[in-house]
Amino acid sequence: MRAPTDGELVVRARAGSRDAAAELFSRHWPRAWRMARAVTGRRDMADDVAQDAFERAFAALSRFDERRPFEPWLHRIVVNRSLDLLRSERRLVGIEAVDRIEGEWRDAAAEDRALLQAVSGLSPQRRVVIVLRYGLGHTPAAIAELLGLPVGTIHSRLARGLEDLRGLEKEHDVERA
Amino acid sequence: MSSELERDLERALGEAPGPDPGVTDRALRSALEALPSPADTRRIRRRRLALLLAACIAAFVSGGVTLAATDGRLPGIGPALTPARPATSGAPAHQRPVVVAPGEAISALIGDRGLVVTARRARTFTDRLSGFASSPAAFYAIEARAGHLRAVQAATGRVAWRFRVAGTPTDPVWAPFPIRVAYLLHGRRGLEVHDIWGNGTHDFAVHASAAPVAPSWRWDSKAFAFVRGDGAVVVHDVIGGRDIALHPACGLRTAAAVAFAPSGGRLAIADRHGHLRVVDTTGHAPALCTTVARGLPSIGWIGANQLLVGAGTILSRIVIHRVGTGYDATATPGTIAGLAASPDGRRIVLALESGSRMRVLIAATPRFSEEAAPLRLLRTLADQPVAGRGPVPLSWL
């Protein structure tokens, strides 16, 4: 039997089916959470961001056009909420350089920690694009649509993000040596 | 062609640890709760249709009225030919009383709804709140609900942060420098006092046994007072983490309200039996004892030397002189359930319970020249059926 599409689940959830809504949640929660984690660099913040994004998305289901893909819409909410919370943290506690966040990746595999930490060290704009491209596998065109930016800007941010990561890796190697 | 770095990124980000199952369950529950009911969805669609219809009718009617008024001629567009006359009705701006001055904010929890009133707008916050408070100047408001605390931008309602708690938080109070929030938590172990940073991180359990009395911050935001489960008042130093319990005095054993003065170190403590004690926590002045009306007390300071205490239907004013105190009182048209004074002391906000109604109103601070002087009402903020017994948390920052 064919699994229902996201659009069908949205229609059923809107009609009051909690099962359909739960199915939609289980399909998209892990990736949305991972994205929030990678953008914020923090597990506790990812919990709140992803939960809040789903609350907002579900509360706005009646306004969602089910002919459009659900995931990019959700991911856009996650990106915006992550950046909002990082900004608000800077404003509230006066963190000088929230652009370069200190990721908490102690629970990641040992060989990946340095790279994940380096991703956290990127500027938010580049970090978001890198996470969407390599963490979630979105194409540059899809990222451009999701973020409402020209494709050229996405390519440029990707290239600069990778360049930054190579630089940070080199710094890390020098420190280790 | 993908580089080694790109492959490493795909692996590292793709295989990064996932969410905890407990978090997933909670998120699913809250997401399902946020789902609008089918009736809501139908209502939204109907409302949209009705709005569209109303807009069409309004355009049709206003067009018709305009044409009728201009004798079938289309109205001109551009500057008016006759100079506009100044408005003559109403009091001149300089004579109108300022109810809420720019930069000030009143916040209240009325029933289970939050209310923030500034010079420009009044905004209500979603229902089912167990606690509510606005930050100074109403940049943020903190909403307490079973299971979490949430800070929202007061102007837009956008969530700034959210913090999960194991229980129901109540009585959040923002420090004058909005870097911390003190609150009470009704958890499995009873009522606790907590202190959390203004960005929703670094939550500290200050004391494991508290009385249901809203904490009060000292002007410098370095300490706050709360009432312990046994009724004793404790001043908690948030910098050093030290607790100083005040010894009982003035016949006051179980405090029902505490309030720090807006400057200096004076702390007013009142109980339900009409005992009032003012302690200088800096130790520079001896403690004062006096009595006010009996009932659940609410305290509001006017500067550092004058305080108002509302209990029952009596509003008392205590003036602290260099030697001794002055006292006078006036009656209010209802039982006082909450009280706060404006920063300049000229206006007060009162929650008055009368019959089955709860009114929250702004009044000019009474002159106290005669008993039962009528309150000069400036504005009614709420008038609704009484929802639950107990104090109405009010603040005017």
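Residues numbered from 1 in each chain as written. Chains lettered and ligands numbered in written order. Predicted model: local features only at pLDDT ≥ 70, side-chain atom pairs only at ≥ 80, totals over all residues.

Asks: Explain the packing of helix α5 (residues 110-120) of chain A against helix α1 (residues 4-14) of chain B to me, and be specific about the residues and the numbers.
Replies: Angle between the axes and distance between the axes: these two values describe a pair of packed helices. Two elements in contact, α5(A) and α1(B), have axes separated by 9 Å at closest approach and are oriented at 100°. In this view, α5(A) runs roughly perpendicular relative to α1(B), as classed from their interaxial angle. Between α5(A) and α1(B), the residues in contact are A:Asp112, A:Leu115 and A:Leu116 and B:Asp8, B:Leu9 and B:Ala12, respectively. (Axes fitted to C-alpha atoms, helices over the stretch in contact; angles between N-to-C directions. Helix = DSSP H or I, 4+ residues; strand = E, 2+ residues; numbered from the N terminus. Parallel < 35°, antiparallel > 145°, perpendicular 65-115°, else oblique. Contact = placed C-beta atoms within 7 Å.)

Asks: Tell me about the confidence of the model for chain B, and name the residues and values.
Replies: Residue and element names in this part refer to chain B. Chain-level statistics for chain B give a pLDDT mean of 81 and a share of 82% at 70 or above. Segment residues 65-96 is flagged for pLDDT under 50; beyond a separation of four residues in sequence, or across chains, it makes four contacts in the model. Interface scoring of the predicted complex returns ipTM 0.86; its pTM is 0.58. (pLDDT = per-residue confidence, 0-100.)

Asks: An account of α1(B) is requested, with residue identities and associated values reported.
Replies: Within α1(B), burial applies to B:Leu9, B:Ala12 and B:Leu13. Considered in projection along α1(B), the buried side chains sweep an arc of 90° and stay on one side of the axis. Along α1(B), exposed side chains directed more than 90 degrees from the buried face belong to B:Glu4 and B:Arg7. Buried positions along α1(B) lie against α2 (18-40), α5 and α6 (124-135) of chain A. (Buried ≥ 20, exposed ≤ 12 C-beta atoms within 10 Å, placed from the backbone. Arc of directions from axis to C-beta.)

Asks: Tell me about the sheet that holds strand β27 (residues 377-385) of chain B, residues and numbers included.
Replies: All names here are of chain B. One open sheet accounts for four strands, arranged β24-β25-β26-β27; its pairing is antiparallel. Two strands in the sheet have a free side with no partner beyond their single neighbour: β24 (335-341) and β27. For this sheet, the mean inter-axis angle between neighbouring strands, taken without regard to orientation, is 15°. Where β24 meets strand β25 (residues 347-354), six bridges bridge the pair, whose relative direction is antiparallel. Paired with Thr 335 across the two strands is Glu 353, which belongs to β25. (Pairing = 2+ DSSP bridges.)

Asks: Could you give an account of the pairing of strand β21 (residues 306-311) of chain B, naming the residues involved and the relevant values?
Replies: All names here are of chain B. By the criterion of burial, β21 is predominantly enclosed, with five of the six residues buried. By the bridge criterion, five bridges tie strand β20 (residues 298-302) to β21 in an arrangement that is antiparallel. In the strand pairing of β21, Ile 299 is matched with Val 309. Linking β20 back to β21 in an antiparallel pair, the connection comprises three residues, with Gly 303 at a positive phi of about 65°. Alignment of β21 against strand β22 (residues 314-320), held across six bridges, turns out to be antiparallel. Along β22, the bridge assignment pairs Gly 310 with Leu 315.

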